[in-house]
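Structural overview for review
What follows is the residue order along each chain.
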Amino acid sequence: MSKKRSNFGLKLMAMVAGFALAVAFALPEASAQQAKLKVGILHIGSITDAGYNQAHAEGVQLMKKNLPHVEVIEIENVPEAADAERVMETMIKQGAKLIIPASFGYLDPALRVAKKYPDVKFEHPGGYKLAPNLGTYWASTPEAFYLMGIAAGRTTKTNKMGYVVALPISFFLANINAFHLGARSVNHKVETRVVFTGTFLDPPKEATAANALLDQGVDVLGVIVDSPITVVQIAEKRAAYSVGYHYLGVQKFAPKGWISGIAFTWGELYTRFAKQIMEGTWKSENKLGNLASDYLTIAPFGPAVPGEAIKLVNAKKQDFISGKAHAFTGPIKDNKGVERVKPGEVWPMTLLGKMDWLVEGVIGQPK
Amino acid sequence: MSSAGRALQLKKGKLASLARFGGLFGLAFMAFALVLLVFGKNPIRAYADIFSSTLGSAYGFSEVLVKMIPLILTAVATALPARIWLINVGGEGQLYCGALLATWGALNFNNSPAWILLPLISALGFLGGGLWAMISGFLRARGWVSETISTLLLNYVAILLLNFFVFGPWKDPESANYPQSAPFPDAAILPAFFGMRVHLGAVYALVSLILFYLVLSRTRWGLEMRAIGVNAEAARRNGIPLSRYIVVLMFIGGGCAGLAGMCEVSAIHGQLRPSLSPAYGYVGFLISWMAGGSAVGILAAAFLLAVIAAGGDILQMAHRIPGSVVNILMALILFFVLARKAKGR
Amino acid sequence: MIGSFLGGLFVGSIHAGTPLLYATLAEAIEERAGIVNLGLEGVMLMGAVAGFATTVETGSAALGVLTAALAGGLFNMLFGFLVITRRANQLASGLALMFCGVGLTALLGMPYIGSQIKGLNEIPLPFLSDFPVVGPVFFNYDILVYLVVPMAILVWWVLFSTRWGLSLRAVGENPMAAFAAGKNPYILQYQALLIAGFLGGIAGAHLSIAIAKTWAEWMTAGRGFIAVALVIFSKWHPLRAIVGALLFGGAIALQLQMQARGVPVSPFLLDMLPYILSLAVLAVWGGARRHAAPASLGRVFQGTE
């Protein structure tokens, strides 16, 4: 009885092994066509998250539309751990010559892989270290957040605003600071509370954080996590106002309470990257866009925003673009009373990576 | 029966069980193929891609080895205490504690040369995991708390502890306030071979596996452990120090998992981060269990699961399936092994 | 000030504690029958994704919750087949179930990421919610929250006051003896797992349909494992589980509330407390009454099962 069984098992095993080997070696390579450029992009989450990842994904899609000879290898939900390196290397082995590791935590793995493959170019969003073949890019968002603050400061009824933020990364802190400064410039009574969830995506925790803020009397909720859906929905449900981030399409989740939002429209930028690589004019640099760039977009205003606030926003926007105004003009004290920017001075956008404090009037722990 | 005859029987038995496992794996692979078909994917292509991306190239193979290292170590972490029927589900937490202590060493002795620093943080890694597991061992030896429960609970505490350090005191001031430790000095990074990521940790894994086998089969300790395994009460009455074995085996087992943590943080990440381990501790438990505590079995199971885990990327890239689906394949393999094994009892 | 803090904390604890309590009740039933299910996480995920998907497709949150319960129950039957009929190792089977759930739900949930639902809305309790200040904060929850404590009481009553519950606990203590007394331990265990699966599925659904109103891969984030710890913390007793869930849920809510108020405390150290507390409780009280756990379960934990 058992002999029969073990024979069967043996045969089965041999069959499966032989089958697998035959198939592995007999089938031709996955991609047979000739593409002028292969671009690999790694996402930390899902590309339908109406947030961070979808913005990157649509950027890459637009690039593909603009440049039909470009092929895209896309992979979602890559954890910010050891696997990221392997994924990048696999893409390179498949012929990718441009890698976009689209998450903050991919920077160090990307730098390691970049060292191994000097002829492959990398563009990392939000990175703060460069390599000969690794460039970084981001849109300097504080000014946009300042504008959001102006709109929010004039829309809030309770003068309490709140932010649900993933991690106390300097760039996020800078955004919150700018938001608060913008609000305060039109409304001296506002205060901003910040809650950090500790991770880029955890909808139940974001929901709890949002509710906790609303319980404190906050009536404007902003969000800096990968997918703004949860927080925006909760704001809308509890009749609060919301400020979106990452993706324009979030507005539909809050038809009544939407103030405005900041969206990334990376398509043309990615098209430029691809073109530069194909033409051989690419160079490694830190590209910091601003309000005038085509990859930073202010969302349309919602019905609750008063008309005069919109006027103020547009005026300030012009001042930012022309260079007349800056988001962090001194004097600025942090929320522990330490002076961070002296009167008449400006905290430069290039030093955003060093901003590990929160502005006076913001309640939160940037630990 | 003659000893030659006995040896032959043993060989036949081993072959039979190998074939049995092969058959079960085959069934699992076919079931997974069915799942893929249901979702409109081509399973043949998928398997071809998995195999060619992992075993069809030197790089792919090296990545499989990279994944095998922590898996073997966490498997031994479970298998060793299992010999005296201790259930160690705490590999994950022990891994984290090993990484924690190793990081402390790397950050505080960062001016030492490699030949001092590497052994130091290796020892610290072992110590970190070992001490963490020893808590559970102690609680069990005193008859207070079952080690199954305590190792499970302590997993969570370990992860939170790591988060605490990485978000707080050990946060790298140079990394834009992002939760990760300062990068390890070069002297604290485990060297890798052939320009791939396979690193010295492979030696740790192999040595621990070999020692595991030798101690169990060739030493007096192994004999005493087997005695405990057969009948703990009788063994204790015969003078075998049961409590000491409980504590020591948990310590050593935890130490192995701690080594895995140290390897991951030193060789793979180069710094301490919250996302240190993709459930290596739990998968190691499953490997040890599947292998029935046999060293060769651990090697084979770790290999298989490493291939599957590493193959997830290609599924996403070429087939638009979330990489997480390889968990289904792993689960299916386990289901078939579990369902079959029990019946044999 | 204190009022709003306590109020916010209470509300947060209830929100966070409800899915935990459902999950804990599920695990408690299973463990009372002598089965440890480490794969509860997977069951919750199945409920979460099934519930969310159904709500998206049909627009009915009620249907979503129902489907979630069914999905959880069915998924748990897979586990049941392994550990009851095939007598497989429970811990390994549970972990395998968890991995299966994570992978399967990632696949199933893929088309639903970014979808929008109205979800389960809050139902203000008439009259009670009209109390000034206290009312809208304390008595304005969705139906699953209102039902969870009655559910806990129901589970307690069933386990301790019905014949079925008695038989189930007998199986958990000593299946052979129960068999000798004329009960069929297998059927009883299957029934327990089915009910537990329903509850676990509901727990997951609460996360996706009521709290977050969205789906994300592995969105239970370890809550299934927390429930396993919670069962231990509550000494396998459904009523104590209410306190436990509130405490654990409170820990999650507390650190977020603290942040919202600007109190500088490390959320991680705070989050550790429930687990350390569980261990302490067991070490101090479990030792004296060594068999706080159902005996057959104890054998699983001792490895002799």
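Residues numbered from 1 in each chain as written. Chains lettered and ligands numbered in written order. Predicted model: local features only at pLDDT ≥ 70, side-chain atom pairs only at ≥ 80, totals over all residues.

On to the overall build of chain A, then. Secondary structure assignment for chain A yields 10 helices and 15 strands. In terms of its C-alpha atoms, chain A occupies a principal-axis envelope of roughly 80 × 55 × 40 Å. At a minimum sequence separation of 6, the contacts of chain A that also span at least 24 residues come to 67%. (Helix = DSSP H or I, 4+ residues; strand = E, 2+ residues; numbered from the N terminus. Contact = placed C-beta atoms within 7 Å.)

With that settled, consider the packing of helix α3 (residues 58-82) of chain B against helix α10 (residues 242-269) of chain B. All names here are of chain B. Closest axis-to-axis distance for the α3/α10 pair is 8 Å, and the angle between their directions is 170°. As the angle between them shows, α3 and α10 are arranged roughly antiparallel. Together, I69, P70, L73, T74, V76, A77, T78, L80 and P81 of α3 and L249, M250, I252, G253, G254, C256, A257, L259, A260, C263 and E264 of α10 make up the contact between the two elements. Residue composition of the contact of α3 with α10, by class: 15 nonpolar, 4 polar and 1 charged. (Axes fitted to C-alpha atoms, helices over the stretch in contact; angles between N-to-C directions. Parallel < 35°, antiparallel > 145°, perpendicular 65-115°, else oblique. Nonpolar A, V, L, I, M, F, W, Y, C, P; charged D, E, K, R; others polar.)

All names here are of chain A. Strand order in the open sheet formed by 6 strands is β2-β1-β3-β4-β5-β11, and the pairing between neighbours is parallel. In this open sheet, the two strands that pair with only one neighbour each are β2 (70-75) and β11 (286-289). Averaged over all adjacent pairs, the angle separating strand axes in this sheet is 20°, with direction ignored. Pairing analysis gives 6 bridges linking strand β1 (residues 37-43) to β2, with the strands arranged parallel. Residue pairing for β2: K38 is matched across the bridge by E71. The strands touched by helix α4 (residues 107-116) are β3 (98-102), β4 (121-125) and β5 (134-139); relative to β4, the strand with the most contacts, the crossing angle is about 170°. (Pairing = 2+ DSSP bridges.)

Looking now at the interface of chain C and chain B. Counting residues at the interface gives 40 residues for chain C, matched by 43 residues for chain B. Elements represented by at least two residues in the side of chain C that touches chain B include exactly α4 (90-109), α10 (223-233), α12 (267-286) and α13 (295-302) of chain C. At 12 residues, the largest contribution of residues to the side of chain C that touches chain B is made by α4(C).

Each partner contributes residues to the interface: chain C has 28 residues there, and chain A has 28 residues. Counting only elements with at least two residues in the side of chain C that touches chain A, the list comes to α1 (2-32), α9 (185-211) and α11 (238-261) of chain C. Each residue belonging to the side of chain C that touches chain A can be placed in one class, and the counts come to 15 nonpolar, 11 polar and 2 charged.

The next subject is the sheet that holds strand β8 (residues 220-224) of chain A. Residues and elements named next belong to chain A. If you trace the 7 strands from one edge of the open sheet to the other, you get β12-β10-β9-β8-β6-β7-β15, paired in mixed fashion. Of all the strands in the sheet, the pair left with one neighbour each is β12 (296-298) and β15 (362-363). Alignment of strand β9 (residues 241-246) against strand β10 (residues 258-264), held across 5 bridges, turns out to be parallel. In the strand pairing of β10, H246 is matched with A263.

All names here are of chain A. When cut into domains, chain A gives domain 1 (37-139 + 266-289) and domain 2 (142-257 + 302-363). Using C-alpha coordinates to define each centre, domain 1 is positioned 28 Å away from domain 2. Opposite the 13 residues of domain 1 that make contact, domain 2 presents 14 residues. Per-element tally for the side of domain 1 that touches domain 2: the top contributor is helix α2 (residues 52-66), with 4 residues. Considered class by class, the residues forming the side of domain 1 that touches domain 2 number 7 nonpolar, 5 polar and 1 charged. (Domains from an automatic or database assignment.)

Residues and elements named next belong to chain A. Counting buried residues along helix α8 (residues 229-237), 7 of its 9 residues qualify, which places the element largely inside the surrounding structure. Of all the residues in α8, the buried ones are I229, T230, V231, V232, Q233, I234 and A235. On its buried side, α8 packs onto β6 (160-165), α7 (203-215), β8 and β9. Of the residues flanking the end of α8, it is A239, one or two places downstream, whose phi is positive at about 55°. (Buried ≥ 20, exposed ≤ 12 C-beta atoms within 10 Å, placed from the backbone.)

Between two packed helices, both the angle of their axes relative to each other and the distance between the axes serve to describe the pair. Residue and element names in this part refer to chain C. Orientation of helix α3 (residues 61-85) relative to α9, taken along the N-to-C sense of each, is 140°, at an axis distance of 6 Å. Overall, the two elements α3 and α9 adopt an arrangement that is oblique. Remark: the crossing between α3 and α9 carries right-handed chirality. (Left-handed = near helix turned anticlockwise from the far one by under 90°.)

Next up on the list: the pairing of β2(A). With 5 of its 6 residues buried, β2(A) lies for the most part within the structure. The parallel pair β1(A) and β2(A), bridged by α2(A), forms a crossover whose chirality is right-handed. (Right-handed = clockwise from strand over helix to strand, strands pointing away.)

Here the focus is the confidence of the model for chain A. All names here are of chain A. Across chain A, the average pLDDT comes to 86, with 90% of residues at 70 or higher. For the stretch residues 1-6, pLDDT sits under 50, and the model shows 3 contacts to residues farther than four places along the chain or on other chains. Confidence over residues 22-33 falls short of pLDDT 50; this stretch has 11 contacts with residues more than four positions distant or in other chains. (pLDDT = per-residue confidence, 0-100.)

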